Amino acid sequence: MFKAPENIIITREMQVVNNTSTWFINKKTTTLKTVEEQVAALNIQVDNLCQFLPQDRVGEFARLTKVELLEATEKSIGPPEMYRYHCELKNFRDKERELENLCKDKAYSLEKMKQRVERYKQDVERYHECKRHLDLIDMLQRKRPWVEYETVRQQHEEVKQIRDQAREELKNLKEMQSPLVKKIQETVESFKSLDKKIKCMAGEIKEVSQKCKQKQDALEMKDKQIEEINQAFRMKKDEEMDRRKKIISAHKMIEEWNDELSTASNCENLQPQIDAVNNELKHLQGERANIESDISDVTTEKNNQEREKRRIIDRIEQLNNIMSMKEETLRGKYQDTHSALMWLRKNKDKFKKTVCEPIMLVINVKDSRHAKYIENHIPANDMKAFVFESPEDMDTFLVETRDHQKLRVNAVCAPAVSCAGNLPSRPIEELHQYGFFSYLRELFDAPLLVMSYLCYQYRIHDVPVGTEKTRNMIEKVIQETKLRLLYTAEERYTIKVSAYTNLTFCSNVSLRAAQFLTNLVDTDERQQLEKQQQGINCTLQSLDMQLTTLLERRKHLERRDNELRQQKKELLERGNKRRQLESKIAVKYDSIKQLEQDAINLEEESQKANVKIKEINTQKARLVSELMCLIKHCVSLNMLKTDLVLQSTAVAAEKNRLELEYKAASTQLRASEQTFCELDEKKRVLTENCRALLKKARQMCKLGPDQHLPKEFQTAFQALPNTLEEIDALLNEEKCRASCFTGLNVVVVEEYNKQTEEIQQLMEDLEEKKKELDNYKQNISQVKERWLNPLKSLIEKINEKFSNFFSSMQCVGEVDLHVENEDEYDKYGIRIRVKFHSSTELHELTPYHQSGGEKSVSTMLYLLALQELNKCPFRVVDEINQGMDPVNERRVFEMVVKTACKESTSQYFLVTPKLLQNLTYNDKMTVLFVYNGPCMLETNKWNLKSFCRQRRRLGKMDEQ
């Protein structure tokens, strides 16, 4: 580092063995603290991104907050006192805020204390008022027993007078009740005599009524006997008419059978026809037996085939359950992928070519132990990916699932030319000696489309899988096989060769346990079962056709059998019909003969019935005469009974009247007795109450049994109410008022005086703090003016240069001072806003809004804007051009050259691994090249002059 009168050379030696460092200044040992002091004295700030900006911190520069950027700029190009003033302002502001809060707290405490003292003042007044209420309550409580005693004494006199009156009334009522009792007894005797006569008369009437009922029952019985005689005659008449009809009907049937018998032909010889029918029936029975046997055999075979079909379906269902388990695993880990799978299965008609479900579902590992190799080789994103044969189908799928349903799904497209049949670079037999037993492709089955994609994308056909033997001889395997990727029993090895040094680098990772492919589905077994199911279905169809044919044949034979049996029946009936007719006619003649013998003489029966009815009518006339005599006697008895009932009713009415009068008199007597007893008891109670209240009143006033009420009490009592209601009302009112004065005592006055003194002291402290706060505000105003004006001027200069640099690139850039609150000095900051496209607005430079190249350009131009204003001896920028496009890189480089090569600017170091061709250079620039590589010359063989001479000779040879 340059410093008059001599440069400063700082050296650092690092010992790798013990991880320590030794510092030197001008070859003299020193400490790190001394080195930092020397560097700071030259205004070199290594941690300031405005001076030292390595490539890996370009993004960090963009992530600087406005406050951090302002502080870095102040330290980098501002005068030394600028950052100091800024720090002082922040400290002053903190102290000012502290004083403001302290003043607020004291003012708040003062106000609270004033309010408390005001409450104390009121409490003192309330204390005296409460005392007056308590004195009044005490006097009211003394007078109340005297008023209560007087009230009870007056009640006692009134009750005594009323009790004496009740005693006289009770005596008069008892004297009036004796004649009424005698009349009631006479009436009761008369009523009992009449009631006895009525009961005797009622018994006689009941006896006559029963005799009348017996005569009426006898008459009804005679009527029933006449009806029975008539009914018996009608039945005999109907029986005779029915007999005659049966005889006529039998003669008609005999005539019809004779006509049929005369027309019937003689019995012919039907035996040959019957024998022919019997022979055909025998032949049909044999054929039916054969058909039944065939049906039984076909049915048995069909049942066997159906049982086998059910067994195959159950096994296929078991295999499908394994697939369902894989789908459940997919739904548990990747819900969106499972939702997309459900949509795909319902909408396969929307796709033109083959679409495969997620790879993890369609892959079937032959051995579960090998699942880990496949899952470690194929990334999880592709394990859950759908595979499409057509890019158009994949676009349709992604638009529906991602854009419309907002699902996070993966989809891949298989190569146009199938890679499923690609051959490995060498046969697996050549690798057996190293412990390899298979390539990845041979460890599982998958649809052709999926296998083609995996061979194309992950070269599964050329990745060998080894054993523990491979692991034990891994170095030999890497050197001899030249493999780039391989698997051992528990590890994956990746081998890379450096393009510079041709050295081999090997890395290995342990295999993760399989998660998705542990549920195995035997594809060959499933295909074999499906073929068997198809064969059984064909066999069942053939058996159904045979069974239908046999059933139709059996139905035809049964129909023919029924026809022959009917024909045989008709032939047999034709031989027996004449004999049957002759037998029927003979039977019918016997029936007519019997009917003629059972004839009835209706005239004789009619005469017998009339004789019986006449005899019964004579008996009825005698019964009616007897009944009329009984009815007349019953009527006369009822009239006598009615007279007796009327007399009894009159006596009962008189008796009820007398009883009501007696009852009313008895009620009045009892009420008088009750009233007298109550009044007598009330008088006794009032007497006792008077004695108790008088004793209580004397005790309240603290008087002896023979003492009279003092005059001071009599005077005080005269000013108070004279009734209990008024005393109780006033007493309750005073108690309520006194109860409102809670928590009051003599201490209130003492506390009131103490609080008054504290308020005075707090007011003096508050005034002192306000003066101190005013002084701080005055100091802040002075420091703010010395800091803010130069800062605004400095930022205006930076903005001018920054805007010019952006304008030269046909872009827009601004730098300004960002202030949220003028009094919050720790929130002041520098805001950088840029616009790289004419169609956009100015946007603040952030880590997220601009691209990497745009952030690099903005950072570089801001540093250039600081270049001419910078006070530091040099600036370092490392690989700032890496993220820029060629046009911006060229423009920025020219600006750096133009700015850094001006007079009186600090030294500028630009470190970069590459530069564009035909850049503009300046004589004040120094270009240093650092050579490195596997073919680099040794240091002692390096001769730059010799290289230049050789290059000139080659140039002359080219010109010739």
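Fair warning: this is a prediction, and the values are worked out from it, not measured in the lab. (Residues numbered from 1 in each chain as written. Predicted model: local features only at pLDDT ≥ 70, side-chain atom pairs only at ≥ 80, totals over all residues. Heavy atoms only, no water.)

Under the local residue numbering, the UniProt record ascribes the feature "coiled-coil region" (unreviewed entry) to residues 110-176, 205-232, 274-322, 540-619 and 749-786. Along residues 205-232 the backbone is 100% helical and 0% strand, and the end-to-end C-alpha distance reaches 41 Å. (UniProt positions renumbered as here; feature names shortened; annotations may be inferred. Helix = DSSP H or I, 4+ residues; strand = E, 2+ residues; numbered from the N terminus.)

Under the criterion given, the structure shown has 28 salt bridges. Among the salt bridges present, the one from lysine 366 reaches aspartate 445, with a minimum N-O distance of 3.8 Å. A residue pair is termed long-range when its members are at least 10 positions apart, and lysine 366 in the loop between β6 (364-365) and α9 (371-377) and aspartate 445 in strand β10 (residues 444-445) qualify at 79 residues. The partly exposed category is assigned to aspartate 445, whose relative accessible area is 27%. Salt bridges linked by common partners bring Arg163, Asp164 and Asp680 together as one network. (Salt bridge = Lys/Arg side-chain N within 4 Å of Asp/Glu carboxyl O. Buried < 20%, exposed > 50% of the residue type's maximum accessible area, 1.4 Å probe, protein only.)

Our focus in this paragraph is the side chain of histidine 461. By the element assignment, histidine 461 lies in the loop between α12 (448-458) and β11 (464-465). Take histidine 461: its relative accessible area is 2%, and that puts it in the buried class. Sequence-distant contacts of histidine 461, that is, excluding residues within four places in its chain, are made with Asn422, Leu423, Pro424, Tyr439, Arg441 and Cys455. (Contact = heavy atoms within 4.5 Å.)

Let's shift gears to unusual backbone geometry. Phi at arginine 459 is positive, roughly 50°, even though this residue is not glycine. For arginine 459, the position within the fold is in the loop between α12 and β11. Residues other than glycine seldom take positive phi values, yet lysine 482 does so here, at roughly 60°. Mapped onto the elements, lysine 482 comes out in the loop between α14 (474-481) and β12 (485-487). What makes lysine 482 exposed here is its relative accessible area of 56%.

We now examine the nonpolar core. Ile363, Val387, Phe397 and Leu454 are the most contacted members of the largest nonpolar core, which totals 51 residues. Counting residues per element, this core draws most heavily on α12, which supplies 7 residues. The residues contacting isoleucine 363, other than those within four sequence positions of it, are Lys326, Ile374, Ile378, Phe444, Asp445, Ala446, Leu454 and Leu517. In terms of nonpolar packing, the next biggest core, distinct from the first, is built from 39 residues, Val834, Leu863, Leu866 and Met895 among them. (Core = buried A, V, L, I, M, F, W, Y, C linked by side-chain atoms within 4.5 Å.)

Here we take up the sheet that holds strand β1 (residues 10-15). As summarised here, the arrangement of the 3 strands in space is β1-β2-β3, forming an open sheet in which the pairing is antiparallel. Each having just a single partner strand, β1 and β3 (28-30) make up the two edges of the open sheet. Between one strand axis and the next, the sheet turns through 35° on average, direction left out of account. Relative to strand β2 (residues 20-25), β1 runs antiparallel, the two being bridged by 6 bridges. The residue of β2 that forms the bridge with threonine 11 is phenylalanine 24. Of the strands in this sheet, β1, β2 and β3 are in contact with helix α1 (residues 32-41), which crosses β2 at around 45°. (Pairing = 2+ DSSP bridges. Axes fitted to C-alpha atoms, helices over the stretch in contact; angles between N-to-C directions.)

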